[in-house]
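# A look at the structure
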Amino acid sequence: MGWRLKKTIVMVGMMGAGKTAVGTALARRLDVPFLDSDEEMVKAANMTIAEIFERDGEAFFRQKERQVIARLLDEERGVLSTGGGAFLSAENRAIIRDKAVSVWLNADLDLLWQRVRHKDTRPLLRTADPRQTLSDIYRARVPLYAKADLMVPSEDSYSIDDMADAVMAALKTRPDVLEKT
């Protein structure tokens, strides 16, 4: 017995919430493509996200990100992981609401810090006090992530498969998204 995906599932949440890892596991389970808006941006620009931020600025990055998300939602049905800032834009939220279902992976600040503190790939955390910066970003973004269609809490003890199970359970409440075959 399988599942038929009727709408793209868009993973939203903070950096370190597990959007890529959980999204990949979920796509495998549903036998649909896994898409990553950040990955698409890197391919198109032939630069890292950090390099795009540095060269062109955040406003340019967000404009390109919106175009990539809209294109991916038009082209293919699957699981789409977005960058941590993508869902902050009212325009992106409207595009996602119209064409997909958004799933917020809700991880608390301590868990996020554990996951991102040793990585140098986060341009927004290249500050004198990255822990405080993460905390500020978290506080600003949580009310916007709360606008997602579904929220799945992320626990420190959860494996990627546990998280994929939790997302599947949430999606099963949405017959407009997932249909048993």
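Described below are features of the structure shown in this document.

What counts, and at which threshold
Residues numbered from 1 in each chain as written. Predicted model: local features only at pLDDT ≥ 70, side-chain atom pairs only at ≥ 80, totals over all residues. Heavy atoms only, no water. Salt bridge = Lys/Arg side-chain N within 4 Å of Asp/Glu carboxyl O. Buried < 20%, exposed > 50% of the residue type's maximum accessible area, 1.4 Å probe, protein only. Helix = DSSP H or I, 4+ residues; strand = E, 2+ residues; numbered from the N terminus. Pairing = 2+ DSSP bridges. Lys, Arg positive; Asp, Glu negative; His and termini not counted. Polar contact = N/O pair within 3.5 Å; in protein donor to acceptor, adjacent residues only side chain to side chain. Contact = heavy atoms within 4.5 Å. Axes fitted to C-alpha atoms, helices over the stretch in contact; angles between N-to-C directions.

This next bit is on the pattern of salt bridges. Side-chain pairing between opposite charges can occur once the charged atoms of the two side chains come close. Overall, the coordinates contain 16 salt bridges when judged by the stated rule. Put simply, Asp56 and Arg55 hold a salt bridge, and the shortest N to O gap is 2.9 Å. With relative accessibility at 26%, the residue Asp56 sits in the partly exposed group. Put simply, Arg174 and Asp176 hold a salt bridge, and the shortest N to O gap is 2.7 Å. You can call Asp176 partly exposed: its relative accessible area is 29%.

What follows covers the pairing of strand β2 (residues 8-12). With 5 of 5 residues buried, β2 is to be regarded as a mostly interior element. Every second residue of β2 is oriented toward a common face, with Thr8, Val10 and Val12 on one face and Ile9 and Met11 on the other, all of them buried. Where β2 lies against strand β5 (residues 100-106), 5 bridges are found, and the strand directions are parallel. What sits directly across from Met11, in β5, is Val103.

With respect to the helices and strands, Arg141 occurs in helix α6 (residues 130-145). We note that Arg141 is buried and unpaired, the nearest opposite charge coming from Glu58 at a distance of 5.1 Å. From its side chain, Arg141 meets the backbone oxygen of Gly84 in a polar contact 3.3 Å long. Setting aside chain neighbours within four positions, we find Arg141 in contact with Met14, Arg62, Gly84, Gly85, Leu88 and Leu124.

Another aspect to go through is the sheet that holds β2. Hydrogen bonds between backbone atoms are what pair the strands of a sheet, whose relative direction is either parallel or antiparallel. If you walk across this open sheet you meet the 5 strands as β3-β4-β2-β5-β6, and the pairing is parallel. The strands lining the two open edges of the sheet, one partner per strand, are β3 (34-36) and β6 (150-153). Put simply, the sheet's adjacent strands are angled 25° from each other on average, direction ignored. In this structure, β2 lies alongside strand β4 (residues 79-81), joined through 3 bridges in parallel fashion. By the bridge assignment for β4, Val10 is matched with Leu80. Against the sheet, helix α3 (residues 49-75) touches β2, β4 and β5, its axis set at about 175° to β4. Against the sheet, helix α4 (residues 90-99) engages β2 and β5, with an angle of about 120° to β5.

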